[in-house]
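Each chain, letter by letter, is given below.
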Amino acid sequence: MAQLSAMDVYNLLPKANCGACGCKTCMEFATKLVNREAKPEDCPKLDDESLEKLQELLAPPIKELTIGEGDREVIVGGDEVMFRHELSFFNPPPVFVTVYDDMKEDEIAGKTEEIQEFQVERVGEVLKLDGVAVVSRTGNPEKFARAVEIAVERSEDLAVALITTDPKVMEAGLDVFDERPLLYPATEDNIEDLAKLAADVDCPLGLHARDVEDLVPLVVEAQQYTDDLLLDPGTEFGSHDVVSTTDKLAEIRKAAIEEEFESFGYPTLVTTFPYAFLEDNHVKAARRESYLASACVLRYADLLIMDTVEPWALLPVLTQRQCVYTDPREPQEVEPGLYRIGDPDENSPVLVTTNFTLTYHCVAGDLESADVDCWLLVIDTGGLAVDVSVAGGQFTGEAVKEVIEETGIKDNVEHRVLVIPGKAAAVKGDVEDATGWDVVIGTQDSSELPEFLEKEGLLRIDE
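Calculation notes
- Once a new chain begins, its residue numbering starts again from 1 and follows that chain's sequence as written.
- Restriction of local features to residues with pLDDT of at least 70 applies here, the model being predicted, together with a cutoff of 80 or more for giving and counting side-chain atom pairs; totals for whole chains, interfaces and linings are based on all residues.
- In computing side-chain properties, one takes all heavy atoms of the structure into account and sets aside hydrogens as well as water.
- By disulfide we mean two sulfur atoms from cysteines, separated by a distance within 2.5 Å.
- Note on exposure labels: buried denotes an accessible area under 20% of the residue type's maximum, exposed denotes more than 50%, and partly exposed covers the range between, all computed with a 1.4 Å probe on protein chains only.
- Here, nonpolar core means buried Ala, Val, Leu, Ile, Met, Phe, Trp, Tyr and Cys residues that are tied together by side-chain atoms lying within 4.5 Å of each other.
- For the purposes of this entry, the term helix denotes a DSSP run of H or I that reaches at least four residues, the term strand denotes a run of E that reaches at least two, and both are numbered from the N terminus.
- What makes two residues a contact is simply this: any of their non-hydrogen atoms within 4.5 Å.
- Lines are fitted to the C-alpha atoms to define the axes, a helix being fitted only along its stretch in contact, and any angle between axes, read from their N-to-C directions, falls within 0 to 180 degrees.
- The hand of a helix crossing depends on one turn: near helix anticlockwise from the far one by less than a right angle means left-handed, and clockwise means right-handed.
- Note on residue categories: nonpolar means Ala, Val, Leu, Ile, Met, Phe, Trp, Tyr, Cys or Pro, charged means Asp, Glu, Lys or Arg, and polar means any other residue, Gly included.
- In these notes the angle categories are as follows: under 35 degrees is roughly parallel, over 145 is roughly antiparallel, 65 to 115 is roughly perpendicular, and the rest is oblique.
- Two strands are counted as paired when DSSP detects at least two bridges linking them.
- We define a salt bridge as a side-chain nitrogen of Lys or Arg found within 4 Å of a carboxyl oxygen belonging to Asp or Glu.
- Working definition: a ring pair exists when centres of Phe, Tyr or Trp rings (six-membered ring for Trp) sit within 6.5 Å. Plane angles under 30 degrees give stacked, over 60 give edge-to-face, the rest tilted.

A. Spatial organisation of the state of the cysteines. Throughout the structure, instances matching the rule amount to 0 disulfides. There is no disulfide at Cys18, and the cysteine sulfur nearest it, in Cys43, is 6.1 Å away. We note that Cys26 lacks a disulfide partner, and the nearest cysteine sulfur, in Cys43, lies 6.3 Å from it. Cys26 sits in the buried class, given a relative accessible area of 10%.

Written out as structure tokens, the structure reads:
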């Protein structure tokens, strides 16, 4: 499938350049539509026929759909490309974690609270879990309904998935919570009943097959009732789990995008939670889940259902998601300027770094965790890391001089000493000549900075 161009979209616009959409020209609006920074409805001059054509043209080959409502809503799918450098990947895959109806009620409550409260801050972003998946292992409608009730009560903004093959048990869960939960799994044995049920209650439906080609008849039958579908081609477990599972996901993505095979134009779903029952101890199970889920984030999983709540197992998955789902067209940078770390004063050290997001947060985090009070000067390198910006000519004496003058740091400290990164040692003389400050070469790794400052007597600078 040829990638959509701004000109393709422009040809359907009124070309009035009226500015009513907030753009100066229709071409600017067309570019924003292609980049998903605007919606066709933002143009008031489009007639109904043109609006419909434009919406159809802009619809991604992988359908975008919602699970949940209000604070519990998550969005899945919506991607248009095989590789993120071609455009960007949209809608990071939500991570759901399971509870089971054969658990004790206090265990369901406790695990749901762990899912709700799990969060870790990385590179300035809080990484969280997105949903709770209630699994029926008893086949008992009353027990399932009670488990759903507890999971909903003990969560605030988690989306919900109801997992059972029995339509009667599913209905019992829906009687408790019907705010658009994901219904899963629809198989060849229950597809008609669950598809009808999903259509009746307007809920997305997850299809499960043992292999990719077995999904096709399920999609065809489900489409008679609903078009809000997710595709599970069957997670493989064992020694070849990663290769086998990601190959299936890639086959679906390729068929949908490159071959325009409409039956596969839906987001994909991967379950790793069965490892909790396949392995003989929970540490081994969590490790296998983490390994498999992380690989699937990289290779086209649009939603993950896991069992583990171990932070060491979830962190690789969430970190992978954060990395893959950043927009490669946008520099990852923070605002240049002066940042206070702790409670600095006129004798606190002044450190210099670049405005690459990862660099800034690593440096700031290492200093904060060691309770170092200091001033951090962040120079504008266009979002490049220290070594790259030194080589590229963005980390220069003039750049440091500019941020010193703009921030007025001279008024905050009595000394004239700068600590620059070890990887910027090559520009020490340039910085001294441009600024007139004494320059100390710091460490290669920011985690070594606190110890270095203490050892060199730089935690307090008296001149």
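Additional details are given in the paragraphs that follow.
B. Expanded view of the nonpolar core. Within the largest apolar cluster, 93 residues are counted, with the highest numbers of intra-cluster contacts made by Ile67, Phe96, Leu183, Leu205, Leu207 and Leu304. Take this core: its biggest share by element is 7 residues, from helix α9 (residues 241-257). The residues contacting Ile67, other than those within four sequence positions of it, are Arg72, Glu73, Val74, Val76, Phe96, Ala159, Val160, Arg180, Pro181, Leu182, Pro204 and Leu303. Membership of the second largest hydrophobic core comes to 21 residues, among which are Phe395, Val403, Val413 and Val431.

C. Broad picture of the packing of helix α5 (residues 141-153) against helix α6 (residues 167-176). In the contact formed by α5 and α6, the axes pass within 8 Å of each other and the chain directions differ by 35°. Seen from above, α5 lies across α6 with right-handed handedness. Within the contact between the two elements, α5 uses Pro141, Phe144, Ala145, Val148 and Glu149 and α6 uses Lys168, Val169, Met170, Ala172, Gly173 and Val176. When grouped by side-chain class, the residues that make up the contact of α5 with α6 number 8 nonpolar, 1 polar and 2 charged.

D. Structural context of the environment of Gly436. Relative to the helices and strands, Gly436 resides in the loop between α16 (428-435) and β17 (438-441). According to the relative accessible area criterion, Gly436 is exposed, its value standing at 60%.

E. Structural detail: the packing of α6 against helix α7 (residues 191-201). Contact pair α6 / α7: the axes reach a minimum separation of 10 Å and the direction vectors enclose 20°. Considered as vectors, α6 and α7 are oriented roughly parallel to each other. The chirality of how α6 crosses α7 is right-handed. Contact with α6, carried on its side by Pro167, Met170, Glu171 and Leu174, involves Asp193, Leu194, Leu197 and Val201 of α7 and no other residues of that element. The residue makeup of the contact of α6 with α7, split by class, is 6 nonpolar, no polar and 2 charged.

F. Spotlight on the sheet that holds strand β3 (residues 95-100). Within the open sheet, the 8 strands sit side by side as β10-β9-β8-β7-β6-β3-β12-β11. Their pairing is parallel. With partners counted over all chains shown, the strands left at the sheet margins are β10 (229-232) and β11 (270-271), one partner each. In terms of strand pairing, β3 meets strand β6 (residues 131-135) through 5 bridges, oriented parallel. Looking at β6, one finds that Val97 is bridged to Val132. Strands β3, β6 and β7 (159-163) of the sheet are contacted by α5, whose axis makes an angle of about 165° with β6.

G. Spotlight on the pattern of salt bridges. One pass over the full model with this rule turns up 22 salt bridges. Residue Glu105 pairs with Arg146 through a salt bridge whose shortest N-O separation is 3.2 Å. Of this pair, Glu105 sits in helix α4 (residues 105-117) while Arg146 sits in helix α5; the two residues are 41 residues apart in sequence, bridging distant segments of the chain. Since its relative accessible area comes to 43%, Glu105 is described here as partly exposed.

H. Geometry of the pairing of strand β2 (residues 74-77). Where strand β1 (residues 64-67) lies against β2, 4 bridges are found, and the strand directions are antiparallel. From the neighbouring strand, Thr66 faces β2, where its bridge partner is Ile75. Hairpin remark: β1 followed by β2, antiparallel, with 6 residues in the connecting loop; positive phi at Gly68, about 85°.

I. Summary view of unusual backbone geometry. Pro185 follows Tyr184 through a cis peptide bond whose omega is 0°. As for its position among the elements, Pro185 is in strand β8 (residues 182-186). Phi is positive for Asp202, which is not a glycine, with a value near 55°.

J. How the structure looks around the pairing of β3. Burial within β3 is extensive, with 6 of its 6 residues counted as buried. The pairing of β3 with strand β12 (residues 304-306) spans 3 bridges and is parallel. Its bridge partner lying in β12, Phe96 is registered against Ile305.

K. Representation of the packing of aromatic side chains in the model. Summed over the entire model, instances satisfying the criterion amount to 6 aromatic pairs. With a centroid separation of 6.4 Å and 65° between ring planes, the pair formed by Phe89 and Tyr300 is classed as edge-to-face. Taken together, the residues span a long stretch of sequence, with Phe89 in the loop between β2 and β3 and Tyr300 in the loop between α11 (282-298) and β12 at a distance of 211 residues. Given a relative accessible area of 8%, Phe89 falls into the buried group. Aromatic side chains Phe89 and Tyr325 sit 5.8 Å apart centroid to centroid with 50° between the ring planes, which places their arrangement in the tilted category.

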